[in-house]
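Listed here are the chains, written in short residue letters.
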Amino acid sequence: MLLQYLQHRRDCKFKQDERTARIQALTQYHGPFTAFDREVVAKPIEELVEGVHQGALQPLDILRTYGKVALKAHERTNCLTEVMVSAAEGWAQDGSINFQGPLAGIPVSLKDTIVVGGFDATVGYSSFVGRGPAEDGAVARLLKDAGAIPYVKTNLPITLLSFESTNDVWGRCTNPHNPAYSPGGSTGGEAALLALGGRIGIGSDVAGSVRAPAHFSGIYSLRCATGRWPKLGFATSMPGQEGVPSVYSPMARTLHDLAYFTRAVVGMRPWRYDPSVHPLPWRAEVEAEYESEEKKLRVGVMRTDGVVDPSPACARALDMAAEALRRAGHEIVELDGGEKLSSPPPSPYEALQLGAHLLNADGCRMFRSFFRPGERNDPGAEQLHWLMRLPGPLRYLYYLWVRYVRRDEVWAGLVREWREKTAFENWQLVAKREAYRNQWFQWWNGAEVDFLLTPPNATPAVPHDGMKDAVSSCGYTFMFNLLDYTCGVIPVTHVDKTLDKLAPDFSIKKLNGVAQGAYKLYDAEAMHGLPVGVQIVGRRLEEEKVLAIMKRVEDALGEDKYTLLDID
């Protein structure tokens, strides 16, 4: 035990010292931004690509701009893990990258889990240090073939099961708007970098891990359906977990870049790189149909998931988006009642129950198997594991107390069978998942809505270590992982300490246990200035449609459109 702990500390120090040395060696990447740097960051992505194609722009010059952006963002937020810039300079000159591709010369940042040859993919575990493969994974190969330059990897939480991004190997990543708060997770380092001037990146999402960071940090992300975006060539904390499949998906500083990047990757025919990807080309006609101002949309507005009502800040952002769409002539349909729907959608709480038990059917054994003695766990993931470890009789007594003494049916329903499942029980859960998906399929057919508009989370960014309380408050994103729907998040506004205060008669004691955990962290005064977004939800494999509707929503906001952070 002691020897393993000492090795853990040595490996953490080694990676942090290695990162520091790599940053210090980048002598051309320090100093203030030049006029050229600011021009590159502001220029539309297709103009950068065209400049590289025509020889008017050199990929190395673009790389140096974004390398400088990354180092400044890291200094503020600790967002970087593997600094690959020196290697990227070599790839840009040795023929490794196809600069005739649709992403020619564009630096792309990657979540730490994505495999790049010659670099670790630690997932925040010290036991993964020194295990980096020699060859690129499928995603890195595709990017280079498309002309992109992978140049940095970004921070994340150990276990990947958190809306925070902290681990012993790389340290704590902070929110670019307020260092006391999380940038999101599990793709939080990516969001911090993009908010501070990065261009485009890739993350993964099993319960909201590209959408919560977009909402927390003020960027744009798309949660693709399974089979639309490549995921071969990655490390994970839960290999073999398929109850709620993880997907890899794009993230970007602007909506325009997000759409361009998604089209470019699908246009590379990713099914040639990853056999799990559907051979489904980009459907430009669908994108054009939903971008057309002539098409008026039927918008299903989900005000609450029935588990945790959105905080005043998140409810206000949703109101802003819904009202903007109403002014633009679109039809607003309230999902929680009204004449325009014959029935409400299936219970979101059922999705939270099913998803939580499917995702942790192994009793948290897999993600725990990679820990070394003394290694810090994420406080939210630790709460999951702590409850799993309770002896059955004690857990049942706890359930009885929650259900009949506290009279909290919501929390009781989550903890009642919170234990490792047998294969038979797991199959039963999968069968329930499929039945639940069919219920939504039938409901949506009857409702005839074009998309759903929802909060991405009940609160804005959580304070550091806040997931100990808010670990189960993920229903607004997690539900659509269970359904495997395509979703996007756009930033809308910022927390206002005056507008977003809790009502004078608000009482946390009246809430269920999940909602209490979320509202323990809500403080409009302390959160003032944090970003707040909305979530746009389509059906499965509707990436073209969702991106087009994200643009319609942003256009409808007009002068209320979110203002990005300036680069310093």
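Residues numbered from 1 in each chain as written. Predicted model: local features only at pLDDT ≥ 70, side-chain atom pairs only at ≥ 80, totals over all residues. Heavy atoms only, no water.

J.: Which parts of the structure should I look at to understand the overall build of the protein?
T.: From N to C terminus, the protein includes 22 helices and 13 strands. The C-alpha radius of gyration computed for the protein amounts to 23 Å, which stays within 12% of the reference 24 Å derived for 568 residues, consistent with globular compactness. When its C-alpha atoms are laid out on the principal axes, the protein stretches across 70 × 70 × 50 Å. Each of the 568 residues in the protein was classed as buried or not, and the buried ones make up 62%. (Helix = DSSP H or I, 4+ residues; strand = E, 2+ residues; numbered from the N terminus. Rg over C-alpha atoms; globule rule 2.2 N^0.38 Å. Buried < 20%, exposed > 50% of the residue type's maximum accessible area, 1.4 Å probe, protein only.)

J.: Is there a simple way to explain the packing of helix α4 (residues 59-77) against helix α5 (residues 85-93) in this structure?
T.: Between two packed helices, both the angle of their axes relative to each other and the distance between the axes serve to describe the pair. As a packed pair, α4 and α5 sit with axes 10 Å apart at the nearest point and diverge in direction by 165 degrees. Taken together, the axes of α4 and α5 lie roughly antiparallel to each other. In terms of crossing hand, the pair formed by α4 and α5 is right-handed. Here L60, L63 and R64 of α4 lie close against α5, whose contacting residues are V85, A88, E89, A92 and Q93. Class assignment for the residues of the contact of α4 with α5 results in 5 nonpolar, 1 polar and 2 charged. (Axes fitted to C-alpha atoms, helices over the stretch in contact; angles between N-to-C directions. Parallel < 35°, antiparallel > 145°, perpendicular 65-115°, else oblique. Left-handed = near helix turned anticlockwise from the far one by under 90°. Contact = heavy atoms within 4.5 Å. Nonpolar A, V, L, I, M, F, W, Y, C, P; charged D, E, K, R; others polar.)

J.: How do you make sense of unusual backbone geometry when you look at a structure like this?
T.: Working note: non-glycine residues mostly have negative phi, and peptide bonds are mostly trans. S186 follows G185 through a cis peptide bond whose omega is 5 degrees. Checked against the element boundaries, S186 lands in the loop between β5 (171-172) and α7 (188-195). The phi dihedral of N78 falls on the positive side, at around 60 degrees, and the residue is not glycine. Position of N78 among the secondary structure elements: in the loop between α4 and β1 (80-83).

J.: Where do I start with the nonpolar core in this structure?
T.: Inside soluble globular proteins, nonpolar side chains tend to come together where they are buried. Membership of the largest hydrophobic core comes to 181 residues, with the highest contact counts inside it found for W440, L453 and I536. Setting aside residues up to four positions removed in sequence, W440 forms contacts with M302, P345, P346, L452, M479, L483 and Y485. Membership of the second largest hydrophobic core comes to 8 residues, among which are L194, V210, A214 and M251. (Core = buried A, V, L, I, M, F, W, Y, C linked by side-chain atoms within 4.5 Å.)

J.: Which parts of the structure should I look at to understand the pairing of strand β9 (residues 298-301)?
T.: Side-chain direction in a regular strand flips from residue to residue, so the side chains alternate between the two faces of the sheet. Along β9, one buried face is formed by R298 and G300 and the opposite face, lined by V299 and V301, is buried too. Note: β9 against strand β10 (residues 331-334), 4 bridges, orientation parallel. By the bridge assignment for β10, V299 is matched with I332. Assessed by its sense of winding, the connection that carries the chain from β9 through helix α11 (residues 312-327) to β10 is right-handed. The pairing of β9 with strand β11 (residues 451-454) spans 3 bridges and is parallel. Paired with V299 across the bridge in β11 is F451. (Pairing = 2+ DSSP bridges. Right-handed = clockwise from strand over helix to strand, strands pointing away.)

J.: Honestly, the packing of α11 against helix α22 (residues 543-557) in this entry has me stumped. Any pointers?
T.: At their nearest, the axes of α11 and α22 sit 8 Å apart, and the two run at 85 degrees to each other. Judged by the inter-axis angle, α11 sits roughly perpendicular to α22. On the side of α11, the interface is formed by M320, A321, A324, L325 and R327, while α22 contributes R552, V553, A556 and L557. By residue class, the composition of the contact of α11 with α22 is 7 nonpolar, no polar and 2 charged.

J.: Looking at this model, I keep getting lost on the pattern of salt bridges. Mind explaining?
T.: Pairing between side chains becomes possible if they bear opposite charge and their charged atoms approach one another. Within the structure shown, the criterion is met by 46 salt bridges. A salt bridge links D120 to K15, with the nearest nitrogen and oxygen atoms 2.9 Å apart. Of the two residues, D120 is situated in the loop between β2 (107-111) and α6 (138-145) and K15 in helix α1 (residues 2-25); the sequence distance between them amounts to 105 residues. The pair D120 / K15 is uniform in exposure class, with both members buried. One continuous salt-bridge network, built from bridges that share partners, spans K15, E18, R22, E82 and D120. (Salt bridge = Lys/Arg side-chain N within 4 Å of Asp/Glu carboxyl O.)

J.: Would you mind going over the UniProt feature "active site" (unreviewed entry) in the protein with me for this structure?
T.: Feature annotation in UniProt assigns "active site" (unreviewed entry) to the following positions: K111, S186 and S209. The annotated residues occupy 99 residues of the chain but converge on a single region, no pair of C-alpha atoms lying more than 10.8 Å apart. Tracing the backbone through its elements, the reader meets K111 in strand β2. Apart from residues no more than four positions distant in its own chain, K111 is found in contact with K153, T154, L156, L160, S186, T187, E190, I202, G203, S204 and S209. Reaching out from K111, the side chain makes a polar contact with the side chain of S186 at a distance of 2.5 Å. Along the chain, S209 turns up in the loop between β6 (200-205) and α8 (211-217). (UniProt positions renumbered as here; feature names shortened; annotations may be inferred. Polar contact = N/O pair within 3.5 Å; in protein donor to acceptor, adjacent residues only side chain to side chain.)

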